[in-house]
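Structural features, examined
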Amino acid sequence: MTDLIRQGALFLMSEKCYDNYFLEHNFLDVPCFKALLSKGLGLAIIAGSVLVKVPQVLKILNSKSGEGINIVGVVLDLLAISFHLSYNFMHGYPFSAWGDSTFLAIQTVTIAVLVLFFNGRKAQSGLFLVGYVVLMYVLNSGLTPMSVLFTIQSCNIPILLVGKLSQAYTNYQAGSTGQLSAATVIMMFAGSVARIFTSIQETGDFMIILTFIASTFANSVILGQLIYYWNKPAGVKVKASKSKKPKTKKDD
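Residues numbered from 1 in each chain as written. Predicted model: local features only at pLDDT ≥ 70, side-chain atom pairs only at ≥ 80, totals over all residues. Heavy atoms only, no water.

So, the environment of Gly191
Inspection of the secondary structure puts Gly191 in helix α10 (residues 182–202). Given a relative accessible area of 18%, Gly191 falls into the buried group. Expressed as a C-alpha distance, the spacing of Gly191 and Asn219, which sit 28 residues apart in the sequence, is 9.9 Å. (Helix = DSSP H or I, 4+ residues; strand = E, 2+ residues; numbered from the N terminus. Buried < 20%, exposed > 50% of the residue type's maximum accessible area, 1.4 Å probe, protein only.)

Printed below as a string of structure tokens:
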């Protein structure tokens, strides 16, 4: 039983931290606390990511519509997630630092396929799925050099920003967040904030940290729109107008 507890604890912390906590009873070790918090947050994010976009998928399925969802934004978001996943996987970083990307990728490609399908582009939806599977094989099988993966990861920030902000622009034009799921938007924002901390602790990779800072900014814009448009009907924009008095001509 003791060995089982030890193995479980070592999954969350290093041997040094295990000794500090369980043998020396030193519970005030700051580096160990940060490492344990980061690991716990990482695993919680992964657990949450299993369902984070499911509300969005269900909303599309129930309405049989992808109205209000910018397909370009979804595809760019999918590319950013996939490049991040491949970069971390091929670098050998801990699964707790990037495992959520696996589930986010699966759910995002599902959303892209559904949006295409319900927009009447059924053939394209199937081809898109096949193309994505081929892309992931190329990125994660060792066929892609690490130098290329690093370059791709560095391109993630503009890809991510363009993808998210294009959705924000679509929301602005429609005067509504359409079929966007509130639960998904909130969880994506919270996850990106937490990932800044876990990336600092578990990878120390500046490029990954900067990516999550950009992601947090973009997600905050969409979250702000969600709150702003919450009780406003779709397609209605409030425009400020000034009343003008009609001009009249007076006879000389």
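Points about the side chain of Ser82
Residue position: Ser82 is located in helix α5 (residues 71–91). Residues within four places of Ser82 in sequence aside, it is in contact with Ala105, Tyr132 and Met136. (Contact = heavy atoms within 4.5 Å.)

Looking at the UniProt feature "transmembrane region" (unreviewed entry) in the chain
In this numbering, the UniProt entry assigns the feature "transmembrane region" (unreviewed entry) to residues 68–90, 102–120, 127–152, 172–194 and 206–230. This span, residues 102–120, is 89% helix and 0% strand, and a straight line between its end C-alpha atoms measures 28 Å. (UniProt positions renumbered as here; feature names shortened; annotations may be inferred.)

Let's talk about the nonpolar core
Membership of the largest hydrophobic core comes to 27 residues, with the highest contact counts inside it found for Tyr132 and Leu139. Elements with a minimum of two residues in this core: α5, α6 (95–118), α7 (122–140), α8 (146–154), α9 (156–174), α10 and α11 (206–228). Considering every element that reaches this core, the biggest residue donor is α5, with seven residues. With residues up to four places along the chain from it excluded, the contact list for Leu139 reads Phe83, Ser86, Met90, Thr144, Leu149 and Ile152. If you look at the next biggest cluster of nonpolar residues, it comprises 10 residues, including Val57, Ile69, Ile71 and Val74. (Core = buried A, V, L, I, M, F, W, Y, C linked by side-chain atoms within 4.5 Å.)

Focus: the packing of α6 against α10
Two elements in contact, α6 and α10, have axes separated by 9 Å at closest approach and are oriented at 145°. Facing α6, whose interface residues are Ser96, Ala97, Trp98, Gly99, Asp100 and Leu104, α10 presents Met188, Arg195 and Glu202. When the residues that make up the contact of α6 with α10 are grouped by side-chain class, the tally is four nonpolar, two polar and three charged. (Axes fitted to C-alpha atoms, helices over the stretch in contact; angles between N-to-C directions. Nonpolar A, V, L, I, M, F, W, Y, C, P; charged D, E, K, R; others polar.)

Comments concerning the packing of α9 against α11
One can describe the packing of α9 onto α11 by two numbers: an axis separation of 9 Å at closest approach and a directional angle of 5°. When the axes of α9 and α11 are compared, the pair comes out roughly parallel. From α9, Asn156, Ile157, Leu160, Leu161, Lys164, Leu165, Gln167, Ala168, Asn171 and Tyr172 reach across to α11, where they touch Leu210, Thr211, Ala214, Ser215, Phe217, Ala218, Asn219, Val221, Ile222 and Gln225. (Parallel < 35°, antiparallel > 145°, perpendicular 65-115°, else oblique.)

Looking at empty space enclosed by the protein
The tally for this structure, following the rule as stated, stands at one cavity of 30 Å³ or more. Reported here for the largest cavity is a volume of approximately 290 Å³. If you go around the largest cavity, you meet 18 residues; those closest to its centre are Lys53, Asp77, Lys164, Gln167 and Leu180. Within the residue set of the lining of the largest cavity, elements represented by two or more residues are α5, α6, α9, α10 and α11. Grouping the constituent residues of the lining of the largest cavity by class yields eight nonpolar, seven polar and three charged. (1 Å grid on protein atoms, 1.4 Å probe; cavity = no way out; pocket = protein on both sides within 12 Å on 5 of 7 lines; lining within 4 Å. Points joined across faces, edges and corners; volume = space filled by probe spheres on them.)

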